[in-house]
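A closer look at the structure
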Amino acid sequence: MINGGTIKGDATYENGTISYLQLKQELPFPTKMIVVSMPGATLRDAICASRSGDPNEEKRAYLQLDDGVEVVHEAPSDPGGDAEAPEHEYRASIRIGGKPLNPLETYSVALPRNLVKGAFKIKPLMEFGKIHAADLPTEDKCAEHLQTAPKSGQCTRSHAQQPMQCLLVQMRGVCRP
């Protein structure tokens, strides 16, 4: 998943395919991605938090998901308003790979490293980042990987020192353990 603020091309791709040049136009900045093992409840809460708020306002934090994730907005059960629920709270049913998201299951999630460090203030991701801070790859580890990543293809370097796997997406290629 990636937040909408990262996407800059503002284009629609009719047939669902995108060229390398178009990808560079959509994602013009280097994005340090990490792969983490995330509880389903945290994933659900992060998706909903990123979509909460006034529906008429642009949301740079809005999490974009791959086509294996289906999110269906649910209206509050009490149309008169739930006194406990904040205004414009987003609620959804989420399916991953055609199956309902299980809040107790652990999912492998690729996301920009800065989201777990507090960018765009998606609280469930910030809390996850604090809890797992020691397991997240450091900037130095990511920079080192970027310098040694092959120009194309995938790097298969071991991340024995980093329990959370580091995945770097840079326009020159993908580095993944």
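Fair warning: this is a prediction, and the values are worked out from it, not measured in the lab. (Residues numbered from 1 in each chain as written. Predicted model: local features only at pLDDT ≥ 70, side-chain atom pairs only at ≥ 80, totals over all residues. Heavy atoms only, no water.)

**A look at the nonpolar core**
- Counting residues in hydrophobic clusters, the biggest one holds 23 residues, and the most contacted among them are Val36, Leu43, Val109, Leu111 and Leu125.
- Contributions of two or more residues to this core are made by β2 (33-39), α2 (40-51), β5 (91-96), β7 (106-112), α3 (113-116) and α4 (123-131).
- Counting residues per element, this core draws most heavily on α2, at four residues.
- Apart from the residues within four sequence positions on either side, Leu111 is in contact with Met1, Lys32, Met33, Ile34, Val36, Val116 and Leu125. (Core = buried A, V, L, I, M, F, W, Y, C linked by side-chain atoms within 4.5 Å. Buried < 20%, exposed > 50% of the residue type's maximum accessible area, 1.4 Å probe, protein only. Helix = DSSP H or I, 4+ residues; strand = E, 2+ residues; numbered from the N terminus. Contact = heavy atoms within 4.5 Å.)

**Here's the deal with a nonpolar patch on the surface**
- Together, Ile18, Tyr20 and Leu23 line one region of the surface with nonpolar side chains, adding up to about 270 Å² of accessible area.
- As for its placement among the helices and strands, Ile18 is situated in the loop between β1 (2-3) and α1 (20-26). (Patch = residues over 30% accessible without salt bridge, like charges linked within 9 Å, V, L, I, M, F, W, Y side chains within 5 Å. Areas by Shrake-Rupley, 256 points an atom, 1.4 Å probe, with all protein chains shown as cover. Salt bridge = Lys/Arg side-chain N within 4 Å of Asp/Glu carboxyl O.)

**Topic: the pairing of β2**
- The element β2 is largely enclosed, with a buried count of five among its seven residues.
- The pairing of β2 with β7 spans seven bridges and is antiparallel. Each bridged residue has a counterpart across the sheet, and for Pro39 the counterpart in β7 is Thr106. (Pairing = 2+ DSSP bridges.)

**Some thoughts on the sheet that holds strand β4 (residues 69-74)**
- Here three strands make up an open sheet; going across it, the order is β4-β5-β6 and the pairing antiparallel. Both outer strands of the open sheet, β4 and β6 (99-100), are each paired with one neighbouring strand and no more.
- As judged from the two bridges shared by β5 and β6, these two strands associate in the antiparallel manner. Its bridge partner being in β6, Arg95 is matched across the sheet by Pro100.
- Of the strands in this sheet, β4 and β5 are in contact with α2, which crosses β5 at around 130°. (Axes fitted to C-alpha atoms, helices over the stretch in contact; angles between N-to-C directions.)

**With respect to α4**
- Those residues of α4 that sit buried are Pro124, Leu125, Phe128 and Gly129. Buried residues along α4 cover an arc of 140° about the axis, so they all sit on one side. For α4, the exposed residues lying more than 90 degrees away from the buried face are Lys123, Lys130 and Ile131.
- Buried positions along α4 lie against β2, α2, β3 (63-64), β7 and α3. (Arc of directions from axis to C-beta.)

**Let's talk about the pattern of salt bridges**
- Within the structure shown, the criterion is met by one salt bridge.
- Here Arg44 makes a salt bridge to Asp45, at a shortest N to O gap of 3.0 Å.
- Overall, Asp45 belongs to the partly exposed group, its relative accessible area being 34%.

**Here we look at unusual backbone geometry**
- The phi torsion at Phe120 lies on the positive side, around 65°, for a residue other than glycine.
- Positionally, Phe120 belongs in the loop between α3 and α4.
- With a relative accessible area of 30%, Phe120 lands in the partly exposed category.
- The backbone phi angle of Lys121 is positive, close to 50°, even though this residue is not glycine.
- Relative to the elements of secondary structure, Lys121 occurs in the loop between α3 and α4.
- Judged by relative accessible area, Lys121 falls into the exposed class, the value being 64%.

**Quick word on the packing of α2 against α4**
- It is at 7 Å that the axes of α2 and α4 come closest, and there the two elements cross at 140°. Compared by their axis directions, α2 and α4 come out oblique. Together, Thr42, Asp45, Ala46 and Ala49 of α2 and Pro124, Leu125 and Phe128 of α4 make up the contact between the two elements.
- Classifying every residue of the contact of α2 with α4 by side-chain character gives five nonpolar, one polar and one charged. (Parallel < 35°, antiparallel > 145°, perpendicular 65-115°, else oblique. Nonpolar A, V, L, I, M, F, W, Y, C, P; charged D, E, K, R; others polar.)

**Things to note about the side chain of Glu26**
- By the secondary structure assignment, Glu26 is in helix α1.
- Taking the relative accessible area as the measure of exposure, Glu26 reaches 8% and is therefore buried.
- The contact partners of Glu26, leaving out residues within four places of it in the chain, are Thr6, Ile7, Lys8, Gly9, Asp10, Ala11, Tyr13 and Ile18.

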